[in-house]
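Now for the letters of each chain:
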Amino acid sequence: MFRRESERKYKNTGIPVDKMSKCSIIYLSETVNHLKNVDFVEQQYGGIMKERYTIRDVAALAGVSNATVSYVLSGKKKISEETRQRVLKVIEETGFVPDLNARGLSGKDTRLIGVVIPQTEPGSKLMFHNTFYSQLLGSIEFATRRRGYHVLISATDMTQDYLNLIRERNLAGVIIVGTYESRFWDRLRELEIPVVLVDSYCKNDWFHAIRIDDEYACYCETDYVIRKGHRRVAFASGSIKEDGVMQKRFNGYRRALTKNGIDCSDEFLFEDVVSYESGVKIAEQIVQADIGITAVVATADILAVGLMSGFYRLGIRVPEEISVIGFDGLEESKYTTPGLTTMQQPISRKGERAVELLLDNIGDSKMERVEEVLEVKLVERESVRNAESVSAY
């Protein structure tokens, strides 16, 4: 009798009794951080602990409609606190996890947002080479998770169709970092979903935008170097593209030279990809050029760190023989020897604010366009020295 009973499947579970633990305490999943007590669930709700609960199960156990459970999860409609707590209690005790795909099929509330990171060239791994992106993405993910959303990161080549990804995943909104072709923006607008641009100088009247004033920031740090007495100042940069961040920073560098009566010569421009390895290579090029450069303005800290390493390998001392200034204010800039002087931008705040704008717009489709420019700060350390005390290399 007992054997026949043990071979029978529990109602509504599809799980044979003899395959379930005899212990009253079981783990449902590594992603659920609570121990689940089978006996408690049986006694509390008069049923059997299931391997996976659906929204219908939660609704039935809480004595509410499926819609009410959805409203508690999404926060889109006001539910009485007593009902909300009852639903949340059932969710916690059953280990219920919402099915994002099912929610995506039933409407636009997928609670999934996309983040698109640019790739400067096919096959590159920009977000792995530059910790600027690690910090930005970390702040975006944390801010998104706090609001009950999830992030889908796309770090793909420029040849891939981002718009198909947005449609296929039914994303609730998108955060886009960097600059893309104008036709991309026109097609993106047709999707009619909330979009926030980060570090973009795209000319539009539709998408929210958050950035710093890259031209002014690079003007300030170049002027700082010139005021230290340097007249032969090189510019080390990533790829300079129209309306891109690097072009804006180059414009700031050039404006500072002009303001101080210094000619801007192409022989002082060193352009490559933004990476540590590029910094090392540019250091070699500067030494080989042998044109008396005494300081380098780098458009990214990761480039500056590569420059310092490259100069060190060549036996050239920073700042005794050449000065280097970075841009971003990454954590690594604190740990170089000498410490890297840099223009610090609020990277984490950029990510947090982008999420705030996007989710506010998801909740209010009539929200007016917002464009914000965050402040930067020059952080002085030891990598820039007065030109009078610099010895020739």
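Now for a description of the structure that goes with this document. (Residues numbered from 1 in each chain as written. Predicted model: local features only at pLDDT ≥ 70, side-chain atom pairs only at ≥ 80, totals over all residues. Heavy atoms only, no water.)

## A short note on the overall build of the protein
- Scanning the protein from terminus to terminus reveals 15 helices and 14 strands.
- Once local pairs closer than 6 in sequence are excluded, the contacts in the protein between residues at least 24 apart make up 67%.
- When the accessible surface of the protein is summed, it comes to about 20,500 Å², and 48% of that surface belongs to carbon and sulfur atoms. (Helix = DSSP H or I, 4+ residues; strand = E, 2+ residues; numbered from the N terminus. Contact = heavy atoms within 4.5 Å. Areas by Shrake-Rupley, 256 points an atom, 1.4 Å probe, with all protein chains shown as cover.)

## Focus: the sheet that holds strand β13 (residues 371–374)
- The sheet built from six strands is open, its strands ordered β4-β3-β5-β6-β7-β13 with parallel pairing. Here the strands that pair on one side only, and so sit at the sheet edges, are β4 (150–154) and β13. On average, each strand axis in the sheet is inclined to that of its neighbour by 15°, with strand direction left out of account. (Pairing = 2+ DSSP bridges. Axes fitted to C-alpha atoms, helices over the stretch in contact; angles between N-to-C directions.)

## Remarks on the pattern of salt bridges
- Counted under the stated rule, the structure contains 20 salt bridges.
- Of the charged contacts in the structure, one is a salt bridge between R227 and D223, with a shortest N-O distance of 3.0 Å. Taken together, the positions of R227 and D223, both in helix α11 (residues 214–227) and four residues apart, correspond to about one turn of that helix.
- The exposure class assigned to D223 is buried, which follows from its relative accessible area of 7%.
- Among the ionic pairs, K281 bridges to D272, the shortest N-O distance being 2.9 Å. (Salt bridge = Lys/Arg side-chain N within 4 Å of Asp/Glu carboxyl O. Buried < 20%, exposed > 50% of the residue type's maximum accessible area, 1.4 Å probe, protein only.)

## Details of the nonpolar core
- Core analysis: the biggest nonpolar cluster contains 37 residues, and I286, I293, V296, L307 and F311 have the highest contact counts within it.
- Going through the elements one at a time, α11, β8 (233–237), α12 (245–259), α13 (276–289), β10 (295–298), α14 (301–313) and β11 (323–328) are the ones with two or more residues in this core.
- The residues touching L307, leaving out its near neighbours within four places in the chain, are A236, G279, V280, I282, A283, I286, V296, A298 and V324.
- Of all hydrophobic cores here, the second largest spans 29 residues; its members include F132, L137, F327 and V355. (Core = buried A, V, L, I, M, F, W, Y, C linked by side-chain atoms within 4.5 Å.)

## Regarding α12
- Helix length check: α12, at 15 residues, gives a terminal C-alpha distance of 21 Å against a target of 21 Å (1.5 Å per residue), a fit within 8%.
- Turning to α12, its buried residues number three or more, namely V245, M246, K248, R249, F250, N251, G252, Y253, A256 and L257.
- Next to the buried residues of α12 lie β7 (208–212), α11, β8, β9 (269–271) and β11.
- Note on α12: the residue one or two positions beyond its end, G261, has a positive phi of about 70°. (Expected span 1.5 Å × (residues − 1).)

## Concerning the environment of Q247
- Here Q247 lies in helix α12.
- Here Q247 falls in the partly exposed class, since its relative accessible area comes to 23%.
- Counting along the chain gives ten residues from Q247 to S237, while the straight-line C-alpha distance between them is 9.2 Å.
- If near-sequence neighbours (up to four positions away) are discounted, Q247 is found in contact with I240, K241 and E242.

## Thoughts on the side chain of H230
- By the secondary structure assignment, H230 is in the loop between α11 and β8.
- Polar side-chain contacts of H230 include one of 3.5 Å to the side chain of S323.
- Within the structure, the side chain of H230 is placed 2.6 Å from the backbone oxygen of R385, a separation counted as a polar contact.
- Apart from residues no more than four positions distant in its own chain, H230 is found in contact with V225, I262, T294, A295, S323, R385, N386, A387 and V390. (Polar contact = N/O pair within 3.5 Å; in protein donor to acceptor, adjacent residues only side chain to side chain.)

## Looking at unusual backbone geometry
- Here the residue pair V318 and P319 is connected by a cis peptide bond, since its omega of 5° sits within 30 degrees of zero.
- Take P319: it is sitting in the loop between α14 and β11.
- Cis geometry is adopted by the peptide bond preceding P338, which originates at T337 and carries an omega value of 0°.
- When you line up the elements, P338 lands in the loop between β11 and β12 (341–344).
- Phi angles above zero are rare outside glycine, and D199 is one such case at about 60°.
- Locating D199 in the fold gives a position in the loop between β6 (195–198) and β7.
- Exposure remark for D199: the relative accessible area of 6% places this residue in the buried category.

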